[in-house]
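# Architecture and fold: a report
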Amino acid sequence: MRRVSGERKNGREYLVEKKRRSIVQRVSWILIWTSVLSFVGGCFALSRLEASNTEYIYQLTEELLGGSVRELEERLEDIQGTLYGLVVSDEIQEAGSLLIGDGEESPSALEQASGLNVIVDSIQNGIRSDQAIVCANFLYGEGLVRVAASTSYCRLSEEAADAVEEQALAASGQNVFLDGETLMGEENLLIIAKQLRERKNLSLAHIGVIVLFVDVEELGRALTDAHDGIFVLQGQDGMLEYVLNDTEGLMEEQDLTRLWEREAGYSIEYLGGRSWFMVSFGASGEFFSYTLLEPYTELFADVRQAFAIYAGIFALCSVAAMLIAFLSTHRVTRDIKLFIQHISKISGGDTAQLPMYERQDIHDKDVYALKGAFNKMSARINELVRDNYMKQLLVKETQLRALQSQMNPHFLYNTLNSLYWMAKTAEMPAAADMISSLGILLREAISDEEFVITIDRELDIACHYFIIQKHRYEDRLEAKFDVSEECSSLVIPKFTLQPLAENAIAYGLECMLGTCTVEIRIFLEREACICQVRNTGPGPEEGLLDKLKAGIVKPKGNGIGLMNIQQRIQSVFGEAYGVDIFREGEETVAQIRMSCISLEEYRSSAAAGGKPNGKRIQNDGGG
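Below, the structure is looked at part by part.

Thresholds, definitions, all that
Residues numbered from 1 in each chain as written. Predicted model: local features only at pLDDT ≥ 70, side-chain atom pairs only at ≥ 80, totals over all residues. Heavy atoms only, no water. Helix = DSSP H or I, 4+ residues; strand = E, 2+ residues; numbered from the N terminus. Contact = heavy atoms within 4.5 Å. Areas by Shrake-Rupley, 256 points an atom, 1.4 Å probe, with all protein chains shown as cover. Salt bridge = Lys/Arg side-chain N within 4 Å of Asp/Glu carboxyl O. Buried < 20%, exposed > 50% of the residue type's maximum accessible area, 1.4 Å probe, protein only. Core = buried A, V, L, I, M, F, W, Y, C linked by side-chain atoms within 4.5 Å. Pairing = 2+ DSSP bridges. Expected span 1.5 Å × (residues − 1). Arc of directions from axis to C-beta. Patch = residues over 30% accessible without salt bridge, like charges linked within 9 Å, V, L, I, M, F, W, Y side chains within 5 Å. Lys, Arg positive; Asp, Glu negative; His and termini not counted. Charge placed at Lys NZ, Arg CZ, Asp CG, Glu CD.

What follows covers the overall build of the protein chain. For the protein chain, the helix and strand inventory stands at 20 helices and 17 strands. Once local pairs closer than 6 in sequence are excluded, the contacts in the protein chain between residues at least 24 apart make up 60%. Surface exposure of the protein chain reaches about 37100 Å², of which carbon and sulfur atoms provide 53%.

Right, let's talk about the pattern of salt bridges for a bit. For the structure on display, the rule yields seven salt bridges. Notably, a salt bridge pairs D90 with R199, separated by 3.4 Å at the nearest N-O pair. With a gap of 109 residues between them, D90 in helix α3 (residues 90-100) and R199 in the loop between β4 (189-197) and β5 (206-215) connect regions that are remote in the sequence. In this structure D90 comes out as exposed when scored by relative accessible area, which is 53%. Sharing partners across several salt bridges, the network here consists of R534, E584 and E587.

The next point concerns the nonpolar core. The biggest cluster of nonpolar side chains holds 45 residues, and the ones touching the most others in it are I123, F138, L190, L212, L233 and F288. Broken down by element, this core gets its largest block of residues, eight residues, from helix α2 (residues 23-88). Setting aside anything within four residues of it in sequence, one finds F138 in contact with L99, L116, I119, I123, L144, V145, R146, L196, I207, G208, V209 and I210. Counting residues in hydrophobic clusters, the runner-up holds 43 residues, among them F495, I520, I522 and I569.

Taken across its nine residues, strand β17 (residues 587-595) has eight buried, putting it largely inside the fold. With nine bridges joining them, strand β15 (residues 528-536) and β17 adopt antiparallel strand pairing. Bridging across to β17, C529 finds its partner in M594. Relative to β17, strand β16 (residues 578-584) is paired through seven bridges, and the arrangement is antiparallel. Its bridge partner being in β17, R583 is matched across the sheet by T588. Once β16 ends, the chain turns through two residues before running back antiparallel as β17, passing G585 with a positive phi of about 70°.

With 13 residues, helix α5 (residues 158-170) extends 18 Å from end C-alpha to end C-alpha; this agrees with the ideal 18 Å at 1.5 Å per step. Of all the positions in α5, only A160, A161, V164, E165 and A168 are classed as buried. Axial view of α5: buried residues confined to an arc of 130°, hence all on one face. Those residues of α5 that are exposed and angled more than 90 degrees off the buried face are E159, E166 and A170. Among the structural elements, β1 (133-140), β2 (144-149), β3 (176-179), α6 (180-184), β4 and β5 are those in contact with the buried residues of α5.

On the surface, E71, E74, E77, D78 and E286 cluster together to form a negatively charged patch. With respect to the element layout, E77 can be found in helix α2.

So, on to a nonpolar patch on the surface. A cluster of nonpolar side chains, W29, I32, W33, V36 and V40, forms an exposed patch at the surface whose accessible area comes to about 520 Å². Take W29: it is sitting in helix α2. Of the residues examined, W29 reaches a relative accessible area of 48% and is grouped as partly exposed.

Take a look at the structure:
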């Protein structure tokens, strides 16, 4: 019994835990369901608006295109009137009488030719005023076709002419409408034929057949100029079909028979992978029924845009409502949540000490008291951790100092010397030369006994540097020296030429594919000693020294750069001397201007207090 009771209790606790929700969660669910219901209602309202808008567009389209349809029908009636006028004209009747004679005596060839010419000329003059009639044929006798061209040349074949004449005779003087594509392979060409009979003495004798070729596209400009959609024109007997304004060939693979059977009205059809707004006018004309197809997405772009705007506004309003609700409910539980987050960060982070809980805007009294107790505990723990950490630092620092004291420079010299003899023994002269030069450069760099040396010795340092770089870049680097003997004993701060040579390689050789020439020139100019490091390759940035002084450009490399050299030169020789960089022809020149002072003069002057000594140079501007 006790075990069953315990199981029931655990089950109840599980259900209670599952149903437990925070205030923020409850308000969020209420807002979400309210937003969903509002959105569904808005979509329903927009769908009703789209339906009513569709009905309005249909009525407006039917009203606007009604006049265009009547205009097209009137033009067809005018064309029929033109054809009737040709048939009953006196000139054509008189010429026709010459073709068939008086019944007792056959006409001569000259009379027939004269009559045919008159008929053809009269037909051509009669169709000239109507741009929709592009051509006319006159059928006479067996297979004889005469052409009266207007804006195009159309001629019936003998087989097509026989078929047209047969249907015209069967119509007994009525107009016959035929499809130009069926007879001649010409799209959007309407053929209208009428029998020409003699009126003289009411004999009604057969003279021939007048055939007019009508351009349906020109005829239908009354429709296409008024609307951008696709028009389908179908004859009342269902035999004639014409498609206007179909630039994409959408209707070529469609069955147009079902359009002829449609009643007047509108619908949404899916053709060629797109939705179309289709309006059928039914038997709205005497000659044709009319169907208009308009892209649904373009026609109802405004409705779609309104829906998108509504959805965007609704989304923004929903987000704003959610934010307001969150801010309102968040204030209720903020104090506890923030304190829990603070403790969670401490337990999950790798911190050297426990951070204090510094928030002052706590509204709950108990949480404020908990904050004070927590801060006292954190302060005590931090104090203990700090004491232990400082003891460990002292131990580590003592160990590091002991290890550093063991790194005697002589150990490095001895090691390089051993490597040098190993390279010599292994017959590796290039490696031996590089190790030897590196050892000399290292001894000069570490030595702090002299900070001003002779130019001759500074050139030795530069030579050893070039030896190392020459083995690295091989034929791509060419080093030259042009040094005046008068300058050999003059003083120069140690490691002045080597950084400039290093810059020449870094900004010259490494920025080009060919051979780079680095030349060191030292000569006298008036009362000054000029040291130049020249290199071929790309030029320096304009105003580089000024930008370095202003802090606009930061030097590259290990920090021993132009500004360092400038400061050391001025510390030794004064503010009137220093470094300059310029372009001379195809070469970049780094130039140092110094005073002509020998090493003995410098030492005696330094001893007398006239110039700063070596240590002062290092402290003022050295590395």
